[in-house]
Amino acid sequence: MNGSAAVATTVFGIAMVATILIGVWSARGRSKGLAEWSVSSRGLGVLFIWLLMAGETYTSFSFLGTAGWSYSFGAPILYLVAYLTVGFAVAYVVGPALWTYATRHGLISIADIAEFRFRSRPVGILVAVVATVFIVPYIQVQIQGMGVVVNAMTYGNVDLKVAAVISFVVAEAFILVSGLRGSAWVSVLKDMLVIVAVVFLAVYIPMHYLGGFGDFMQRMVSEKREWLTFPGHESGGRDGVWFLSTVVLNAVTITIFPTTVAGYLSAKSPNALRRNALLLPWYQLLLFVPMVVGATALFVMPTLGNPDLALYSLVTDSLPSPVVALIGVAGALSAIVPMSVFMLSIGTLWGRTVLGGGNGADPRARRRALGKSGDASDIRAKRLSQLVCVIAGLIALAGSLFYPNTLVELSVLSYEGLAQLVPVVLLALFWRRLTARAAVAGMVAGLAVMTGLWATENDPYLGVNGGIIALGANLAVLLGVVWLAPGPGAGDEAGGPSVPGESVVGSVGEGAR
């Protein structure tokens, strides 16, 4: 191992130890119940909510995939900034609504919300299973992203598989002890490094290789014009129609992502979420930096074999090893933080709803499930959640080690699959007439259409994102079932309001006041 690799590896090792210590330290003096572990006892303020949810949006894909897409395709990568920013605008309304409903009824996940809304444990279990299927690939993507980052920052001296195992161990070590609060505290370290790293790269890389940002833009316009307009360079038809349909689909879907909802439910109040929704779009400005770096690589390394290495190839080529190490640690933590929240979310989905007896099949079961924080039933639910958290991580780790392409292919469908949960989790809270059979029928239809389009290689279809077509089919079937077989309203069938005209929408106003 040469001197540069030794420095980078040492810095990485110290950073991983510090990450575990920060995460474990954050749990001191806290209750040992499921609510504290899964949603931090709904006690996080604006700053920690911002750090936690920002950490979920700026992942290893932000360093690798964003630069890679910019290098390969150009303009289509702008969908990333667009959908996140629009999604936070939607979250300004959705976040407080979900927080108010879940807080009023002691709910901790989207499966919990669906089960209680329809008073149907099978519906809750179905939501948990579907969400898990489409979240596990995200964990694997983060594990493999971590491997690529660490391998690059150590100049190839730390093997991809070794880095994958390290990422799993580090994430599990603090998430099992401290839960969501640990992820929020680790996000403090991660976001400080990310902000410093990307601001530095935004100035340094164009200046070092092309004489400055102005020269970079001039060369892009004169030499790489195809990368600046839709559908981009050989992007497979990702034109304006694809861009708009993808932004709409992802912006709505991200608001009910299990990890996003975990962030919602950890807040102190609805107003904390509203302030967070106003602040988070500013964080997305950082995504333009890896886009610029990826585009710069077009001129510096025009025959790069793996586009995902565009950013780190320039970093290792032009910077001293201590700086490379710090930027690498920022990229590694950008994998570990969201990975830990993804695993925690799966554990929470299964710990109570699937394995823990549910929350609302009948009033007595609900009282047992909700219990007091720290009592026997609550501790059991937490332990089950932690067990599932480990199992989900091990499945993703095994996939990254032995089948690196299988689950990653499914990650392309993650947003499209989770989009089919929007009616059963979100629409149901606003529409009293929506029944369990209609919501489930719509979900199954949407998943079938989505899978069919993907299997026949018709996604996108005529330029339209296949997920939004599937969501349209979902809503059409849902409306048809409600019309043909109307059932009792939310007040009769579900755990929703029993007073005519009252809904979660009204209670959001109470939270604001």
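Please read these numbers as outputs of a predicted model, since none were measured by experiment. (Residues numbered from 1 in each chain as written. Predicted model: local features only at pLDDT ≥ 70, side-chain atom pairs only at ≥ 80, totals over all residues. Heavy atoms only, no water.)

A. View of unusual backbone geometry. The amide bond that connects Phe230 to the next residue, Pro231, takes the cis arrangement and shows omega of 5 degrees. Within the secondary structure, Pro231 sits in the loop between α10 (213-223) and α11 (240-253). Backbone torsion omega between Asp459 and Pro460 reads 5 degrees, so that peptide bond is classified as cis. The residue Pro460 is located in the loop between α22 (436-455) and α23 (466-484) in this model. Phi at Tyr155 is positive, roughly 60 degrees, even though this residue is not glycine. When you line up the elements, Tyr155 lands in the loop between α8 (121-153) and α9 (160-210). (Helix = DSSP H or I, 4+ residues; strand = E, 2+ residues; numbered from the N terminus.)

B. Summary view of a nonpolar patch on the surface. A contiguous nonpolar surface patch, about 420 Å² in accessible area, is contributed by Leu78, Trp282, Leu285 and Phe288. As for its placement among the helices and strands, Phe288 is situated in helix α14 (residues 288-300). (Patch = residues over 30% accessible without salt bridge, like charges linked within 9 Å, V, L, I, M, F, W, Y side chains within 5 Å. Areas by Shrake-Rupley, 256 points an atom, 1.4 Å probe, with all protein chains shown as cover. Salt bridge = Lys/Arg side-chain N within 4 Å of Asp/Glu carboxyl O.)

C. Spotlight on α9. In this model α9 runs just 32 Å from its N-terminal to its C-terminal C-alpha over 51 residues, more than 12% under the 75 Å that 1.5 Å per residue would give. Where α9 bends most, at Ser178, the angle is about 125 degrees. Measuring from the backbone nitrogen of Lys161 back to the side-chain oxygen at the start of α9 gives 2.9 Å, which picks out Asp159 as the cap. Once α9 finishes, Gly211 follows within two positions and takes phi at roughly 85 degrees, a positive value. (Expected span 1.5 Å × (residues − 1). Bend = angle between axes of the 7 residues up to and from the residue. Polar contact = N/O pair within 3.5 Å; in protein donor to acceptor, adjacent residues only side chain to side chain.)

D. Fine view of the packing of aromatic side chains. On inspection of all chains with the given rule, the structure shows 18 aromatic pairs. With a centroid separation of 5.8 Å and 85 degrees between ring planes, the pair formed by Tyr138 and Phe257 is classed as edge-to-face. Taken together, the residues Tyr138 in helix α8 and Phe257 in the loop between α11 and α12 (258-265) connect sequence positions 119 residues apart. According to the relative accessible area criterion, Phe257 is buried, its value standing at 5%. Taking the centre distance of 5.0 Å and the plane angle of 55 degrees together, the rings of Phe230 and Phe243 count as tilted. In this pair, Phe230 is assigned in the loop between α10 and α11 and Phe243 in helix α11, connecting sequence segments 13 residues apart. By way of ring pairs, the aromatic residues Trp69, Phe73, Tyr79, Tyr83, Tyr138, Trp242, Phe257, Phe342 and Tyr415 are connected into one cluster. Over the face of the ring belonging to Phe118 we find Arg117, whose NZ or CZ atom lies 4.6 Å from the ring centre. Over the aromatic face of Trp242 sits the side chain of Arg238, whose NZ or CZ is 5.6 Å from the ring centroid. (Phe/Tyr/Trp six-rings, centres within 6.5 Å; stacked < 30°, edge-to-face > 60°. Buried < 20%, exposed > 50% of the residue type's maximum accessible area, 1.4 Å probe, protein only. Lys NZ or Arg CZ within 6 Å of the ring centre and 35° of its normal.)

E. Here's a closer look at the nonpolar core. Counting 156 residues, the largest nonpolar core has Met16, Tyr79, Val127, Leu201, Tyr264, Leu421 and Val424 as the members making the most contacts within it. Counting residues per element, this core draws most heavily on helix α16 (residues 321-354), at 18 residues. With residues near it in sequence (within four places) discarded, Val127 still touches Ile110, Ala111, Ala114, Leu421, Val424, Val425 and Met443. (Core = buried A, V, L, I, M, F, W, Y, C linked by side-chain atoms within 4.5 Å. Contact = heavy atoms within 4.5 Å.)

F. Geometry of the environment of Leu384. With respect to the secondary-structure elements, Leu384 resides in helix α18 (residues 376-402). Given a relative accessible area of 18%, Leu384 falls into the buried group. When the C-alpha positions of Leu384 and Gly356 are compared, they lie 7.3 Å apart, and in sequence the two are 28 residues distant. In this structure, Leu384 is in contact with Gly351, Leu355 and Gly356, ignoring residues within four places of it in sequence.

G. Quick look at helix α1 (residues 3-25). Between its terminal C-alpha atoms α1 stretches 33 Å, which fits the 33 Å expected from 23 residues at 1.5 Å a residue. Every buried residue of α1 is accounted for by Ala5, Ala8, Phe12, Ala15, Met16, Thr19 and Gly23. Buried residues in α1 make contact with α8, α9 and α16.

H. Representation of the packing of helix α5 (residues 65-72) against α14 in the model. Look at α5 against α14: their axes get within 7 Å of each other, and the N-to-C directions meet at 45 degrees. Classified by the angle between their axes, α5 and α14 sit oblique to one another. Every pair of crossing elements has a handedness; the one defined by α5 and α14 is right-handed. Residues Thr66, Ala67, Ser70 and Tyr71 of α5 lie in contact with α14, whose contacting residues are Pro290, Met291, Gly294, Ala295, Ala297 and Leu298. (Axes fitted to C-alpha atoms, helices over the stretch in contact; angles between N-to-C directions. Parallel < 35°, antiparallel > 145°, perpendicular 65-115°, else oblique. Left-handed = near helix turned anticlockwise from the far one by under 90°.)

I. A look at the pattern of salt bridges. According to the stated counting rule, one finds 3 salt bridges in the structure shown. The salt bridge partner of Asp112 is Arg352, with a shortest N-O separation of 2.5 Å. On the criterion of sequence distance, the pair formed by Asp112 in helix α7 (residues 110-118) and Arg352 in helix α16 is long-range, its members being 240 residues apart. One exposure class covers both Asp112 and Arg352, and it is buried. For Arg219, the salt bridge identified is with Glu223, shortest N-O distance 3.0 Å. With a gap of 4 residues between them, Arg219 and Glu223 both fall in helix α10, about one helical turn apart. Residue Arg219 is classed as partly exposed on the basis of its relative accessible area of 31%.

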